[in-house]
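# Structure assessment
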Amino acid sequence: MAQSVAATSTAKPERAKPAELVQLIVFRLGDEDYGIRIEQVKEVTVTPEVARMPKTPPFIKGIANLRGDIIAIIDLEERFRLRPAGRELPERSYTVAVEAADYTLGLVVREVPRPFTLPLSQIEPAPEFVQDSSTRDKYLEGIAKLPEGGIIIVLDMRKLLTPSEVMKLPTKTTSS
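Residues numbered from 1 in each chain as written. Predicted model: local features only at pLDDT ≥ 70, side-chain atom pairs only at ≥ 80, totals over all residues. Heavy atoms only, no water.

What follows covers the packing of aromatic side chains. All told, the structure shown has two aromatic pairs when counted by the stated rule. Centre to centre, the rings of Tyr34 and Phe80 are 6.1 Å apart; their planes meet at 25°, and the pair counts as stacked. A residue pair is termed long-range when its members are at least 10 positions apart, and Tyr34 in strand β2 (residues 32–37) and Phe80 in the loop between α1 (76–79) and β6 (94–99) qualify at 46 residues. Centroid distance Phe80 to Tyr139: 5.3 Å. Interplanar angle 10°. Geometry classified as stacked. On the criterion of sequence distance, the pair formed by Phe80 in the loop between α1 and β6 and Tyr139 in the loop between β9 (123–124) and β10 (140–145) is long-range, its members being 59 residues apart. Side by side, Phe80 and Tyr139 carry an identical accessibility label, which is buried. Pairwise contacts between aromatic rings join Tyr34, Phe80 and Tyr139 into one cluster. (Phe/Tyr/Trp six-rings, centres within 6.5 Å; stacked < 30°, edge-to-face > 60°. Helix = DSSP H or I, 4+ residues; strand = E, 2+ residues; numbered from the N terminus. Buried < 20%, exposed > 50% of the residue type's maximum accessible area, 1.4 Å probe, protein only.)

Tracing the backbone shows Gln40 in the loop between β2 and β3 (41–46). Here Gln40 falls in the buried class, since its relative accessible area comes to 7%. Sequence separation of Gln40 and Thr104 is 64 residues, and the distance between their C-alpha atoms is 10.0 Å. Here Gln40 is in contact with Ala97, Val98, Glu99, Leu155, Asp156, Met157 and Arg158, once residues within four sequence places are set aside. Of the polar contacts made by the side chain of Gln40, one reaches the side chain of Asp156; its length is 3.2 Å. (Contact = heavy atoms within 4.5 Å. Polar contact = N/O pair within 3.5 Å; in protein donor to acceptor, adjacent residues only side chain to side chain.)

Our focus in this paragraph is the sheet that holds β9. Strand pairing in a sheet takes place through backbone hydrogen bonds and is either antiparallel or parallel in direction. On the basis of which strands lie adjacent, the open sheet formed by six strands has the order β8-β1-β2-β11-β10-β9 and mixed pairing. Lying at the two open borders of the sheet, with one neighbouring strand each, are β8 (114–119) and β9. As paired strands, strand β1 (residues 21–29) and β8 are joined by six bridges and run antiparallel to one another. Residue pairing for β8: Ile25 is matched across the bridge by Pro115. (Pairing = 2+ DSSP bridges.)

Looking now at the pairing of β6. As a general feature of sheets, a regular strand has side chains that alternate between the two faces. Counting buried positions along β6 yields five of six residues, so the element is predominantly enclosed. Bridge count between β3 and β6: five bridges; the pairing is antiparallel. Considered in β6, the bridge of Val41 is made with Val98. Of the pairings in the sheet, the one linking β6 to strand β7 (residues 104–109) comprises six bridges and is antiparallel in character. Within β7, the residue paired with Val96 across the bridge is Leu107.

In this section: the pairing of strand β5 (residues 69–74). Buried residues dominate β5, accounting for five of its six residues. Pairing analysis gives six bridges linking strand β4 (residues 60–66) to β5, with the strands arranged antiparallel. Bridge pairing in β5 links Asn65 to Ile70. Linkage of β4 to β5, two consecutive antiparallel strands, is achieved through a turn of two residues, within which Arg67 is found at a positive phi near 55°. Note: β5 against β7, three bridges, orientation parallel. Each residue of the ladder has a partner; that of Ile74, found in β7, is Leu107.

Across the sheet, five strands lie side by side as β3-β6-β7-β5-β4; this open sheet has mixed pairing. Because the sheet does not close on itself, it has two edges, and the strands there are β3 and β4. With strand direction ignored, the average angle separating the axes of adjacent strands in the sheet is 30°. (Axes fitted to C-alpha atoms, helices over the stretch in contact; angles between N-to-C directions.)

And the structure:
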């Protein structure tokens, strides 16, 4: 009686290491695509009614009540000077609520933001010359190069405002 012995290999086949993926919420500012890591985004909603605040920079549109939280509403097109002359915000805009340690900001955008996933390897550091030299911390995380040739400018929302600008914001509070 012939006995067959199956050859078993203890060596495991090598698998390609999966690329680390980054999820972004992407929106347009001016004519360019910008993105924020999804973990920095609390929610996206139609822009609520905004109350103007005295003595705030022009790009801070005011404050709004977002589900019981009072948040500052910021116009990044104005902050980055990207809005073409004479183009106002549309009557209906959207707000991307982003969280930092001590505050929540609402970023006003024209169109519904969209999710986008890409490999971390496609995000390259932003060149020094494109960073705002007036701020100590650099708020550009990097530039995502897309396979079809486009780019997404990736923002680090925790570094967007200067310390003095943060001091002018409402702190995290909840209304009763």
